Amino acid sequence: MREVILDLQDIKKSFGKNEILKGLNLKVHEGEFLTFLGASGCGKTTTLRIIAGLEMPDSGQVILNGVDVTKKEPNERDVNTVFQNYALFPHMSVEDNIAYGLKLKKVAKNEIKKRVKEVLSLVQLEGYEKRRTTELSGGQKQRVAIARAVVNNPKILLLDEPLGALDAKLRHQMQLELKKLQKSLGITFLYITHDQEEAINMSDRIVVMKEGQFEQIGTPDEIYNEPKTSYVAAFVGDSNILTGTVKECAEDKVVMEFAGGTVMAQAKGKSYKEGEQVVFSIRRENIKLEDHKDMPIKAVVKEKSFAGGMLRIVFLVSDNIEIVASRQGINYNLVPGEETEISFASEHVVILNQEM
C-alpha cells in the first residue's frame, strides 16, 4: 500500500447558515489519481480550496505528508492548483507563464530554463516557448496551465474542472493525455468534475459527493457496479431504482417481490428478513431482453428512442412502474405496444443502503 500523502480529518465548513461540508474524512495515497464527483453545489470546490489553503475550515485538520497544514498559507503548502479558466497571463509568453512561479522562488536562471524545457516536453509543447497564450488553442492553454503547475514539483496537483471549457472531442483527448501525464509524473492528482464518464475514465478512485458529504468512495468499477446508495446508482450511469419486499433469503440469495414481478439478488454476506422492504437497482444495459434463465417479468413495450449511439427502450411492467433498457445500435426487434418478457441476472441486481 502506498503512503498516505493527504489526510482530511473531520473537515467542516459553513458560509453563514449554509453548512457546506459536514465532517469529511479522507485518506489520499501518494501517486493516486482521485476524483471528486458530484452535482454543482455539493462541496467539491470548497473541499479543494481548503486543501489548497484558499479557504479555512471551521473545524477539522488537513494533514499533508504528516504535517498539519490547516492554518498554513497556500504558498507554504506543497500543492498547486489548475483552475477551469487556467488563469494564464495573456501578456506573457508560454515560457514566462511556466517560469513565473520559479522566478518568485528565486530559482537560478539555468535551473528555470532546464525545468521549463522538461515540462514543455512532457505536455508536448516544444517550440511554443515564445508564443503568447492568446495565440493558443483551448487544449494548448490547458497544457500550459498544467505545465506551470507541475514545474514546481508539487506533492499534489489540484485540478478544478480543467476540461470544462473544451469541446467534447478535445475533452476526451485531453482526458487521455492528462491520465498519461499523471502516470509519467507520479504526482498525486486531486480532480474535480461533475462528468461521470470523465471520472470513470481517469480515476484510480472516485469520491461521490452529495450535499457536503461523501456518499461513496471506491474504484470506478466499485462505484459503477456496486453503488451503495440510490443517489450513486442514479448519478453514475443509468440505473432503474426499484422498491421490493424480501420474500426469502437463503444461500446468499435474496428473492424479492416488486410491483412488476419477482427478482433475485446476491446477498453478499448481508442478512435480510422476510417482509423487509428494500431498494435495489439494475443498470439499463443489464436488462435482459431474451434468453431468460432468471425469473422473467411480463412487460409491454411503451416506447423506443435513439440518442448518443444507444437505443432506449421503455417497458411498462405494471400500471405505474416503468423499466428502461438500453442497447447499442439504432433499433431492436420490439415495437411499442408489444407484449414481451424481460429479466434481471442476480449478479447485476444491487441492493442499496436503506438510509437513502
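Each remark here, short or long, concerns the structure printed above.
Okay, so let's go over this structure. Keep in mind that this is a model prediction, so the values were computed, not measured.

**Details of the overall build of the protein chain**
When helices and strands are tallied, the protein chain shows eight helices and 20 strands. Dimensions of the protein chain, computed from C-alpha atoms along their principal axes, come out at roughly 75 × 45 × 40 Å. Residue burial in the protein chain is summarised as follows: out of 356 residues, 47% are buried. Partitioning the contacts of the protein chain with sequence separation of at least 6, the portion at a separation of at least 24 is 66%. About 17800 Å² of surface is accessible on the protein chain, with carbon and sulfur atoms providing 47% of the total. The protein chain carries 48 positive and 51 negative side-chain charges, and their two centres are separated by 8 Å.

**Focus: the packing of aromatic side chains**
Under the defined criterion, the tally for this structure stands at seven aromatic pairs. Through a chain of ring-to-ring contacts, the aromatic side chains of Phe 33, Phe 189 and Tyr 191 assemble into a single cluster. Residue placement shows Arg 283 over the ring face of Tyr 224; its charged tip is 4.1 Å from the ring centre.

**Some words on the pairing of strand S8 (residues 188–193)**
Counting buried positions along S8 yields six of six residues, so the element is predominantly enclosed. Residues Thr 188, Leu 190 and Ile 192 line one face of S8 and the alternating positions Phe 189, Tyr 191 and Thr 193 line the opposite face, and both faces are buried. Where strand S3 (residues 33–37) and S8 come together, five bridges link them in parallel fashion. Bridging from a neighbouring strand, Thr 35 pairs with Tyr 191 of S8. Where strand S7 (residues 156–160) meets S8, five bridges bridge the pair, whose relative direction is parallel. Bridging from a neighbouring strand, Leu 159 pairs with Tyr 191 of S8. Following the backbone out of S7, through helix H5 (residues 168–185) and into the adjacent parallel S8, one traces a crossover that is right-handed.

**Observations regarding the sheet that holds S3**
Taken together, six strands build an open sheet; the order of strands is S6-S7-S8-S3-S9-S10 and the sheet is mixed. A strand with exactly one partner marks an edge of an open sheet, and here the two such strands are strand S6 (79–82) and strand S10 (213–218). Going from strand to strand, the sheet's axes swing by 20 degrees on average, the running direction of each strand aside. The strands that H5 touches are S3, S7 and S8; relative to S8, the one it contacts most, it runs at about 160 degrees.

**Describing the environment of Phe 306**
Relative to the assigned elements, Phe 306 resides in strand S16 (residues 297–307). Separated by 225 residues in the primary sequence, Phe 306 and Thr 81 place their C-alpha atoms 40 Å from one another. Other than its neighbours up to four places away in sequence, Phe 306 contacts Leu 311, Gly 329 and Ile 330.

**Describing the pattern of salt bridges**
For the structure on display, the rule yields 19 salt bridges. Across the pair Arg 171 and Glu 198 runs a salt bridge, and its minimum N-O distance is 2.7 Å. You can see Arg 171 sitting in helix H5 and its partner Glu 198 sitting in helix H6 (residues 196–202), a full 27 residues away along the chain. Under the relative-accessibility criterion, Arg 171 is labelled buried at 13%. With its nearest N and O atoms 3.5 Å apart, the salt bridge here joins Glu 303 to Arg 312. By sharing partners, the salt bridges in this structure join Lys 13, Arg 49, Glu 55 and Asp 58 into a single network.

**Notes on the sheet that holds strand S17 (residues 310–316)**
On the basis of which strands lie adjacent, the open sheet formed by five strands has the order S15-S19-S16-S17-S18 and antiparallel pairing. Bordering the open sheet on either side are strand S15 (287–288) and strand S18 (322–328), each of which pairs with just one other strand. As defined by bridge partners, S16 adjoins S17 across seven bridges and the pair is classed as antiparallel. Following the sheet pairing, Val 301 is matched in S17 by Phe 315.

**With respect to the pairing of strand S4 (residues 59–64)**
Within a regular strand, the side chains alternate between the two sheet faces. As judged from the five bridges shared by strand S1 (residues 4–15) and S4, these two strands associate in the antiparallel manner. Considered in S4, the bridge of Gln 9 is made with Gln 61. The pairing of S4 with strand S5 (residues 67–68) spans two bridges and is classified as antiparallel. Bridging across to S5, Leu 64 finds its partner in Val 67.

Each value, and the rule that gives it
Residues numbered from 1 in each chain as written. Predicted model: local features only at pLDDT ≥ 70, side-chain atom pairs only at ≥ 80, totals over all residues. Heavy atoms only, no water. Helix = DSSP H or I, 4+ residues; strand = E, 2+ residues; numbered from the N terminus. Buried < 20%, exposed > 50% of the residue type's maximum accessible area, 1.4 Å probe, protein only. Contact = heavy atoms within 4.5 Å. Areas by Shrake-Rupley, 256 points an atom, 1.4 Å probe, with all protein chains shown as cover. Lys, Arg positive; Asp, Glu negative; His and termini not counted. Charge placed at Lys NZ, Arg CZ, Asp CG, Glu CD. Phe/Tyr/Trp six-rings, centres within 6.5 Å; stacked < 30°, edge-to-face > 60°. Lys NZ or Arg CZ within 6 Å of the ring centre and 35° of its normal. Pairing = 2+ DSSP bridges. Right-handed = clockwise from strand over helix to strand, strands pointing away. Axes fitted to C-alpha atoms, helices over the stretch in contact; angles between N-to-C directions. Salt bridge = Lys/Arg side-chain N within 4 Å of Asp/Glu carboxyl O.

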